[in-house]
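# Close look at the chain arrangement
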Amino acid sequence: MQHYNSSAPEWLKSSINYYIAAEFSAYDYEFSGRYSGGHYEDGGKVGADFLRWINAKYQIDIVHRINQTLTSSTWFESDFWVNETGRSLESLWAEYRSR
C-alpha cells in the first residue's frame, strides 16, 4: 500500500485498495458501474465502483490523480473533486446514485 499523508480519508484509501485489487488481480471481478447500496464513505467495493464510474464518466484516471495528490500534498477533498471533474464530491455521488 502507498504511504499517504495523514489527511487522506480512510474511505478513500480503502476504495483505492479495492479498486487496484479488482482491476489488476486474476480474480474475475466486474465493476458494476451502478449504485447498488451503501455509501462511498463505506469504502471497499462501493467506493471502488464509484471511482470506476468517475473514470468512465469524466475520461480521467481518477485513481492515479488521487494517488499523486495523496503522496505529494495535503488532501483538500472539496478542492480536488472540483478541480478534476468540475463537480463537488456530493454532486458526483448524487449523480452516480441516480443512474
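Scroll up a little and you will see the structure.
One structure accompanies this document, and this report is about it. (Residues numbered from 1 in each chain as written. Predicted model: local features only at pLDDT ≥ 70, side-chain atom pairs only at ≥ 80, totals over all residues. Heavy atoms only, no water.)

### Some words on the packing of helix α1 (residues 10-24) against helix α3 (residues 62-72)
- Packing of α1 against α3 brings their axes to within 11 Å, and their N-to-C directions diverge by 135°. Accordingly, the angle class assigned to the pair α1 and α3 is oblique. Crossing geometry of α1 relative to α3 is assigned as left-handed. Touching Leu12, Ile16 and Tyr19 of α1 are Val63, Ile66 and Leu70, all from α3.
- Here the contact of α1 with α3 is built from residues that sort into six nonpolar, no polar and no charged. (Axes fitted to C-alpha atoms, helices over the stretch in contact; angles between N-to-C directions. Helix = DSSP H or I, 4+ residues; strand = E, 2+ residues; numbered from the N terminus. Parallel < 35°, antiparallel > 145°, perpendicular 65-115°, else oblique. Left-handed = near helix turned anticlockwise from the far one by under 90°. Contact = heavy atoms within 4.5 Å. Nonpolar A, V, L, I, M, F, W, Y, C, P; charged D, E, K, R; others polar.)

### A word on the packing of aromatic side chains
- A full pass over the atoms with the stated rule returns ten aromatic pairs.
- Centre to centre, the rings of Trp11 and Tyr40 are 4.7 Å apart; their planes meet at 65°, and the pair counts as edge-to-face. Of the two residues, Trp11 sits in helix α1 while Tyr40 sits in the loop between α1 and α2 (44-58), which places them 29 residues apart along the sequence.
- Its relative accessible area of 8% is what places Trp11 among the buried residues.
- Overall, the relative accessible area of 2% leaves Tyr40 in the buried class.
- Centre to centre, the rings of Tyr40 and Phe50 are 5.8 Å apart; their planes meet at 25°, and the pair counts as stacked. Of this pair, Tyr40 sits in the loop between α1 and α2 while Phe50 is found in helix α2, placing the two residues ten residues apart along the sequence. The residues Tyr40 and Phe50 share a single accessibility class, namely buried.
- Ring-pair connections join several aromatic residues into one group, and the members of that group are Trp11, Tyr40, Phe50, Trp53, Tyr58, Trp93 and Tyr96. (Phe/Tyr/Trp six-rings, centres within 6.5 Å; stacked < 30°, edge-to-face > 60°. Buried < 20%, exposed > 50% of the residue type's maximum accessible area, 1.4 Å probe, protein only.)

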